[in-house]
Amino acid sequence: MDKVNLRKIAIIGCGFVGSASAFALMQSKMFSEIVLIDADQDKAEGEAMDISHGIPFVGNMKIYAGSYDDIVDASIIVITAGAGQKPGETRLDLVHKNVGIFKSIIPEIAKRNCRGILLVVANPVDILTYTALKLSGFEENRVIGSGTVLDTARLKCQLGEHLSVDSQSVHAYIIGEHGDSEIAVWSSANVSGIPLDDFCEMRGHYNHDKSQENIAEKVKNSAYEIIAKKRATYYGVAMAVKRICEAIIRDEKSILPISSLMHGEFGIDDVVLSMPSIVGANGIETKVPISLSEDEEINLKKSADTLRSILDDCEI
């Protein structure tokens, strides 16, 4: 990170997710410079103008529409560009359209010798993170997908409501694909160190298997429900983007379930999945070993197989 401006971030793609992320990052005060880039220059300029009008409420910073030449010294380059998920579509349905878009975006980044961290947010995020990694030539630690950070937040939110407890005291992960084959890791879930089943019983809940199944389905289907009601999801993922950026800029070494390349863990290789990883100033420091039950490990391998079959069809 020695050749970057730690106070500068670039966002490529000014649709719902990119604009909401810029808005969340503006309010965070982490950055003094936010550059917005979009194929539609007017869209980027309009979003930059609109968000800039909130600067008097948060403190001085520069928010503007730019070009790829403006990303060279950005500490983080966030990519939200791509076709959005429509009602009835899965994230994987977007794969060919968005891989095609990334084949135009990533070479533009790569040829400018950027030294910042690439944060992929567009869907299907696992496939696109793999695409970005292969096309950019960046070191693996500098290519991060937003992965299941949002799914994990949704899980914590559901569990917090179910147990009438602060969701920040809930420790649980969604791993695997950010999508239909994702896995809720119930075997290690806890509330402030108390095993989840024990805490559930303390709160008067005893039908654990049924409750877990219902909650996992709610989490998995959250995006579909939101898209059916309002055509797009963007506020939750914008907060996930903000959280990942915090971990990087503040060198927090936080453990987050981000998308990264697998190297034989659980017998899975050469596919990007979301697994808990330590995230800091240099991006991904290392994956965190996580204990899985036999069923969870089987389902993780199935998730990897799902993504591998898609990758084999993409010619990346």
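Refer to the structure presented above.
Residues numbered from 1 in each chain as written. Predicted model: local features only at pLDDT ≥ 70, side-chain atom pairs only at ≥ 80, totals over all residues. Heavy atoms only, no water.

1. As for the overall build of the protein
Tallying secondary structure elements over the protein gives 9 helices and 14 strands in all. Dimensions of the protein, computed from C-alpha atoms along their principal axes, come out at roughly 55 × 45 × 40 Å. Per-residue burial over the protein gives 53% buried out of 316 residues. Counted over contacts in the protein with a minimum sequence separation of 6, partners at least 24 positions apart contribute 71%. (Helix = DSSP H or I, 4+ residues; strand = E, 2+ residues; numbered from the N terminus. Buried < 20%, exposed > 50% of the residue type's maximum accessible area, 1.4 Å probe, protein only. Contact = heavy atoms within 4.5 Å.)

2. Some remarks on the pattern of salt bridges
Evaluation of the coordinates by the stated rule reveals 21 salt bridges. Two residues, glutamate 139 and arginine 115, come together in a salt bridge whose shortest N-O distance is 3.2 Å. Of the two residues, glutamate 139 sits in the loop between helix 4 (125-136) and strand 6 (143-145) while arginine 115 sits in the loop between helix 3 (95-110) and strand 5 (117-120), which places them 24 residues apart along the sequence. On the accessibility criterion, glutamate 139 (35% relative accessible area) is partly exposed. With a closest N to O distance of 3.9 Å, glutamate 252 and arginine 250 form a salt bridge. With a relative accessible area of 29%, glutamate 252 lands in the partly exposed category. (Salt bridge = Lys/Arg side-chain N within 4 Å of Asp/Glu carboxyl O.)

3. Thoughts on the pairing of strand 4 (residues 74-79)
For strand 4, the tally of buried residues reaches 6 of 6 residues, placing the bulk of the element in the interior. Sheet analysis places strand 4 next to strand 5, joined by 4 bridges and oriented parallel. Note that in strand 5 the partner of isoleucine 77 across the bridge is leucine 118. (Pairing = 2+ DSSP bridges.)

4. Overview of the environment of valine 72
Assignment of secondary structure puts valine 72 in the loop between strand 3 (62-65) and strand 4. Accessibility expressed as a relative area gives 34% for valine 72, which makes it partly exposed. Contact partners of valine 72, with chain neighbours within four places excluded, come to Arg112, Cys114 and Arg115.

5. Digging into unusual backbone geometry
A cis amide bond links asparagine 123 with the next residue in sequence, proline 124, at an omega value of 0 degrees. Along the polypeptide, proline 124 turns up in the loop between strand 5 and helix 4. Of note, arginine 231 is a non-glycine position whose phi angle comes to about 80 degrees, a positive value. Relative to the assigned elements, arginine 231 resides in the loop between helix 7 (208-230) and helix 8 (235-249). By relative accessible area, which is 59% here, arginine 231 ends up exposed. Located in the positive-phi region is aspartate 251, a residue other than glycine, with phi close to 50 degrees. With respect to the helices, strands and loops of the structure, aspartate 251 is situated in the loop between helix 8 and strand 12 (254-263). A relative accessible area of 34% places aspartate 251 in the partly exposed class.

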